[in-house]
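# Per-entry structural report
For reference, the chains in residue letters:
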Amino acid sequence: MEIKKINSLKNRMGTNSYLIMDNNSAILIDAGISPDDILKYNINLKAIFLTHCHYDHIMFLNELYNFYKCDIYISEKDKNGIFDESINLSNVFKRNFTFDGNKSSIKTFKDNDIIQIGNFNIKCLLTPGHTAGSASFLIEKNLFSGDTLFAESIGRTDFKTSSPLEQKSSLERLEKVDFLKLYPGHSRMSDINEQKTNIKQWLSNY
Ligand SMILES: [Zn+2]
């Protein structure tokens, strides 16, 4: 299994998407990159997992879906966001994004669901706070934390469906997750040692 952190020049918000490959099969965490950004890997994209519904994480969802026709996984609570420009905040950027592919391709998961796709086992952890349906994904000992936890900060909790209280519980939860590497939705990657200290620090500030 190989994990590539990919940023698109067409995404001005510096969103990280992660392509996880096993031979020719792949899954993608977040849709902040376009098919052009991953064509060179020559992969068969099986599924896209969305950490949450904000525009910078879903902006190329239509292009990716039209090209790969793959399933899209999102939490139940953030699902409506991909059909509502005021929840996904694309209206702020005057883009008015809504998903226009086949609705039956949108699959939802619940907390602790383990979804198996080919050789990938994706454990879904609901980590609300940044949005009502924010999720993190654990694949082997790799934690994909979206905008819940970054290398050097935590996600904002002043959006429409945010909750600072839920964010606190989510950080308490992530503190107990058995991971080695952290793959956040923005900025650089990190690891468990750095995050043990960081999460404690964030929680003490709450
Ligand atoms: Zn966000």
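Let me sum up the structure you'll find in this document. (Residues numbered from 1 in each chain as written. Predicted model: local features only at pLDDT ≥ 70, side-chain atom pairs only at ≥ 80, totals over all residues. Heavy atoms only, no water.)

### With respect to the coordination of the zinc ion
- In this structure, His52 (NE2), His54 (ND1), His130 (NE2) and Asp147 (OD) serve as the protein donors to the zinc ion, at separations of 2.2 to 2.4 Å.
- Between the 4 donor atoms coordinating the zinc ion, the angles at the centre fall across 88 to 172°, so the site counts as irregular.
- Written as a sequence motif, the donor residues of the zinc ion are H-x1-H-x75-H-x16-D. Of this pair, His130 sits in the loop between strand 8 (120-126) and strand 9 (135-139) while Asp147 sits in the loop between strand 10 (142-146) and helix 5 (164-176); the two residues are 17 residues apart in sequence, bridging distant segments of the chain. Asp147 carries the same exposure label as His130, and that label is buried. (Donors = N, O, S within 2.8 Å, 3.2 Å for Na, K, Ca; no water. Tetrahedral: all angles 85-135°; square planar, octahedral: opposite > 155°, others 65-115°. Helix = DSSP H or I, 4+ residues; strand = E, 2+ residues; numbered from the N terminus. Buried < 20%, exposed > 50% of the residue type's maximum accessible area, 1.4 Å probe, protein only.)

### A word on the packing of aromatic side chains
- With the rule as written, the count across this model stands at 11 aromatic pairs.
- Taking the centre distance of 4.6 Å and the plane angle of 5° together, the rings of Phe49 and Tyr73 count as stacked. Of this pair, Phe49 sits in strand 4 (residues 44-49) while Tyr73 sits in strand 5 (residues 71-75), and the two are 24 residues apart along the sequence.
- By relative accessible area, Phe49 is classed as buried at 0%.
- With centroids separated by 4.7 Å and ring planes inclined at 20°, the aromatic side chains of Phe144 and Tyr183 adopt a geometry described as stacked. Note that Phe144 is positioned in strand 10 and Tyr183 in strand 11 (residues 181-184), a separation of 39 residues in sequence.
- We classify Tyr183 as buried; its relative accessible area is 8%.
- Here Lys103 stacks its cationic end above the ring of Phe83, 5.1 Å away from the centre of that ring. (Phe/Tyr/Trp six-rings, centres within 6.5 Å; stacked < 30°, edge-to-face > 60°. Lys NZ or Arg CZ within 6 Å of the ring centre and 35° of its normal.)

### As for the packing of helix 5 against helix 6 (residues 192-204)
- Viewed as axis vectors pointing N to C, helix 5 and helix 6 meet at an angle of 155°, and their least axial separation amounts to 10 Å. By the angle between their axes, helix 5 is roughly antiparallel relative to helix 6. Between helix 5 and helix 6 the crossing geometry is left-handed. For the pair helix 5 and helix 6, the contacting residues are Lys168, Leu171, Glu172, Leu174 and Glu175 in the first and Ile199, Lys200, Trp202 and Leu203 in the second. (Axes fitted to C-alpha atoms, helices over the stretch in contact; angles between N-to-C directions. Parallel < 35°, antiparallel > 145°, perpendicular 65-115°, else oblique. Left-handed = near helix turned anticlockwise from the far one by under 90°. Contact = heavy atoms within 4.5 Å.)

### A few points about the nonpolar core
- Counting residues in each nonpolar core, the largest one holds 29 residues, and the members touching the most others are Leu19, Leu45, Ile48, Leu50, Leu61 and Ile82.
- Ranked by residue count, the leading element in this core is helix 3 (residues 61-68), at 4 residues.
- Beyond its immediate stretch of four places on either side in the chain, Ile82 contacts Leu50, Cys53, Ile58, Leu61, Ile74, Asn88, Phe97, Thr98, Phe99 and Ile106.
- Core analysis: the second largest hydrophobic core is formed by 18 residues, Ile29, Ile122, Ile139 and Tyr183 among them. (Core = buried A, V, L, I, M, F, W, Y, C linked by side-chain atoms within 4.5 Å.)

### Topic: the sheet that holds strand 9
- What the 6 strands build is an open sheet, ordered 7-8-9-10-11-12; its pairing is mixed. Two strands bound the open sheet, and with one partner strand each, they are strand 7 (114-117) and strand 12 (190-191). (Pairing = 2+ DSSP bridges.)

### Some thoughts on the state of the cysteines
- For the structure on display, the rule yields 0 disulfides.
- Here Cys70 is not disulfide-linked; the sulfur of Cys124 is the nearest cysteine sulfur, at 15 Å.
- Note on Cys70: relative accessible area 2%, which makes it buried. (Disulfide = S-S within 2.5 Å.)

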